[in-house]
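Single-letter residue listing:
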Amino acid sequence: MATKSQESINLIDIFKEFNDFKNIDRQTFINVLEDSFRNVISKMYGSDANYDVIINPDKGDLEIFRNRLVMEDGDVANPDTQIELSEARKVDDEIEIGEDFTDKVEFSSFGRRMILNLRQTLASKILELQKENLYLRYSDMLGHVVSGELYQVWKKEMLLLDEDGNELYLPKQNQIPTDFYRKGDTVRAVVVQVDNKNQNPKIILSRTSPLFLQRLFEQEVPEVHDGLIAIKNIARIPGERAKVAVESFDDRIDPVGACVGIKGARIHGIVRELRNENIDVINYSSNANLYIQRALAPAKISSMKVDEEAKTAEVYLKPDEVSLAIGKGGYNIKLACMLTGYQIDVYREMADEDIEDIYLDEFNDEIDQWVLDAFKHMGLDTAKAVLNTPKEELLKGTDLEEETVDEVIKVLAAEFEGE
């Protein structure tokens, strides 16, 4: 039979095994222990309703008391809930029939199998608590930037571990195309999704979300963090280019200058984190014309027609400004559309010598409008503008089939054959 010291040692071992789990408060831990012991008691005796469990996990103390009703000798139907008078009076000679009799149940009476069962029950309940706490913790961190150590790289995602060893996932589509990390590197990203399917939390991160860029500004620019400067909108093509519209609530603060910093000191850290993603910071305006004009910088606009209801804008520029408005790879106009929420079409102004030129829309009886629009999105809104552009550029810029481009060139050229 186990002695009291052996019994205490067993209990301390069990408590120590589970008492080091993080993110579980003391009272919750005690409740889990009590529930686990009651689970074992139920398996041993059929019910735990008439048992009191008192636990002190710090000292490894456990006391289990069984409460039974005193019955006349020979009338006991359930020995676990009832006790004969003669048996009860061996402990308390003044007890009477109908009174409650309480005696202590020794932990050693559980046996090795039940103690093993207790460990398994505790492990299961603690694991459930850990998962629940992890889900709640990261649910509160949605939209926040976190850091993790790269543990493993798979084809579709990367596995990171936070400081507590919790698993964080960074899917391939949420990685900047030029991201490159080695095992053990620290990766920063924003929490964008927390799933809890089948009670298994999964934390999804992103480095391509506009919110990640916003959080970086909040960390690098005190005025943004303090709310003196508001980030009104962000448009990103991750790893390539981004546009950020900012507004100051203090007339004494230049929002663009504050975000960029002296000699770009503040924005350089953000650019490095985003793998040299070029960032344009512009002043926000509620005036659609002015907002679109700023969004298309560095191009200088000659005139503009804006339809605020349809959210469309026709922008007219000098020929040498069109390429600036479109930008390398079409990024500038694409980001301007994303930032302002307007569909922006770029047109070049006709010079005097181009009076005999013809707008592409006049060919819509011979060429499908969607084909014409593909050329117009390149800033080529007239027949001569298309004809004066190398065929290779037309194929790349419009993403049309070569046969289609050849047919367009043929139709346009036919219009000037008599000149």
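Residues numbered from 1 in each chain as written. Predicted model: local features only at pLDDT ≥ 70, side-chain atom pairs only at ≥ 80, totals over all residues. Heavy atoms only, no water.

**Section: the pairing of strand E6 (residues 157-161)**
Regular strands show a simple pattern: their side chains alternate between the two faces of the sheet. By the criterion of burial, E6 is predominantly enclosed, with 4 of the 5 residues buried. In terms of strand pairing, strand E5 (residues 145-153) meets E6 through 4 bridges, oriented antiparallel. Residue pairing in the sheet places Gln 152 in a bridge with Leu 159 of E6. Taking the residues that link successive antiparallel strands as the turn, the E5-E6 hairpin has 3 residues. Where E6 lies against strand E7 (residues 167-171), 5 bridges are found, and the strand directions are antiparallel. Pairing of Glu 157 across the sheet is with Pro 171, part of E7. (Buried < 20%, exposed > 50% of the residue type's maximum accessible area, 1.4 Å probe, protein only. Helix = DSSP H or I, 4+ residues; strand = E, 2+ residues; numbered from the N terminus. Pairing = 2+ DSSP bridges.)

**Looking at the sheet that holds strand E11 (residues 241-248)**
If you walk across this open sheet you meet the 3 strands as E10-E11-E12, and the pairing is mixed. Edge positions in the open sheet fall to strand E10 (229-237) and strand E12 (278-283), since each of these has one partner strand only. The mean angle between the axes of side-by-side strands here comes to 20 degrees, regardless of whether they run parallel or antiparallel. Bridge count between E10 and E11: 8 bridges; the pairing is antiparallel. In the sheet register, Ala 235 faces E11, and the bridge partner there is Lys 243. Contacts between helix H5 (residues 210-220) and the sheet are confined to E10, E11 and E12, with E10 contributing the most and set at about 140 degrees to the helix. (Axes fitted to C-alpha atoms, helices over the stretch in contact; angles between N-to-C directions. Contact = heavy atoms within 4.5 Å.)

**Considerations on the pairing of strand E13 (residues 303-307)**
One ladder, built from 5 bridges, connects E13 with strand E14 (residues 312-317); its direction is antiparallel. Note that in E14 the partner of Ser 303 across the bridge is Tyr 316.

**Observations concerning unusual backbone geometry**
At the junction of Ala 297 and Pro 298, the peptide bond is cis and its omega measures out at 15 degrees in the coordinates. Among the structural elements, Pro 298 can be located in the loop between helix H9 (288-295) and E13. One non-glycine residue, Gln 199, lies in positive phi territory at about 60 degrees. Note that Gln 199 resides in the loop between strand E8 (186-195) and strand E9 (202-206). On the basis of relative accessibility, which here comes to 56%, the residue Gln 199 falls in the exposed class.

**Describing the nonpolar core**
Residues Ile 292, Leu 296, Val 315, Leu 317 and Ile 344 are the most contacted members of the largest nonpolar core, which totals 26 residues. Broken down by secondary-structure element, the contributors of at least two residues to this core are E10, H9, E14, helix H10 (319-326), helix H11 (331-340) and strand E15 (343-348). Look past the residues within four positions of Val 315 in its chain and what remains in contact with it is Ile 292, Leu 296, Ile 301, Ser 303, Met 304, Ile 344, Asp 345, Val 346 and Tyr 347. Grouped together as the second largest cluster of nonpolar side chains are 24 residues, Phe 212, Ile 253, Ile 267 and Ile 270 included. (Core = buried A, V, L, I, M, F, W, Y, C linked by side-chain atoms within 4.5 Å.)

**Topic: H10**
Turning to H10, its buried residues number three or more, namely Glu 321, Val 322, Ala 325 and Ile 326. Here the buried residues of H10 occupy an arc of 140 degrees about the axis, which is enough to place them on one side. Looking at H10, the residues exposed on the side facing more than 90 degrees away from the buried face are Asp 320 and Ser 323. Tucked into the core, H10 has its buried residues touching E14, H11 and E15. Gly 327 sits one or two positions beyond H10 and adopts a positive phi of about 80 degrees. (Arc of directions from axis to C-beta.)

**Quick look at the sheet that holds E14**
On the basis of which strands lie adjacent, the open sheet formed by 3 strands has the order E13-E14-E15 and mixed pairing. Either end of the sheet is taken by a strand with one partner, and the two such strands are E13 and E15. Neighbour to neighbour, the strand axes of the sheet diverge by 15 degrees on average, direction disregarded. Running at roughly 125 degrees to E13, H9 makes contact with E13, E14 and E15 of the sheet. Where H10 meets the sheet, it contacts E14 and E15, and its direction lies at approximately 155 degrees from that of E15.

**A few points about the confidence of the model for the protein**
Chain-level statistics for the protein give a pLDDT mean of 86 and a share of 91% at 70 or above. Ignoring residues within four places in sequence, the model shows residues 1-9, a span with pLDDT below 50, making 6 contacts including any to other chains. (pLDDT = per-residue confidence, 0-100.)

**A word on the packing of aromatic side chains**
How two aromatic rings sit relative to each other is given by the distance of their centres and the angle of their planes. What the rule picks out here adds up to 3 aromatic pairs. Ring geometry for Tyr 284 against Tyr 291: centres 4.9 Å apart, planes inclined by 70 degrees, an arrangement best described as edge-to-face. Tyr 284 sits in the partly exposed class, given a relative accessible area of 28%. Among the residues examined, Tyr 291 registers a relative accessible area of 7% and is labelled buried. Look at Tyr 316 and Tyr 347: their rings are 5.2 Å apart centre to centre, the planes differ by 25 degrees, and that puts the pair in the stacked class. Here Tyr 316 is found in strand E14, whereas its partner Tyr 347 is found in strand E15, with 31 residues between them in sequence. Assigned by exposure class, Tyr 316 and Tyr 347 land together as buried. Here the basic side chain of Lys 183 rests over the ring of Tyr 151, its NZ or CZ set 5.0 Å away from the ring centre. Positioned over the ring face of Tyr 284 is Lys 232, at 5.2 Å from the centre of the ring. (Phe/Tyr/Trp six-rings, centres within 6.5 Å; stacked < 30°, edge-to-face > 60°. Lys NZ or Arg CZ within 6 Å of the ring centre and 35° of its normal.)

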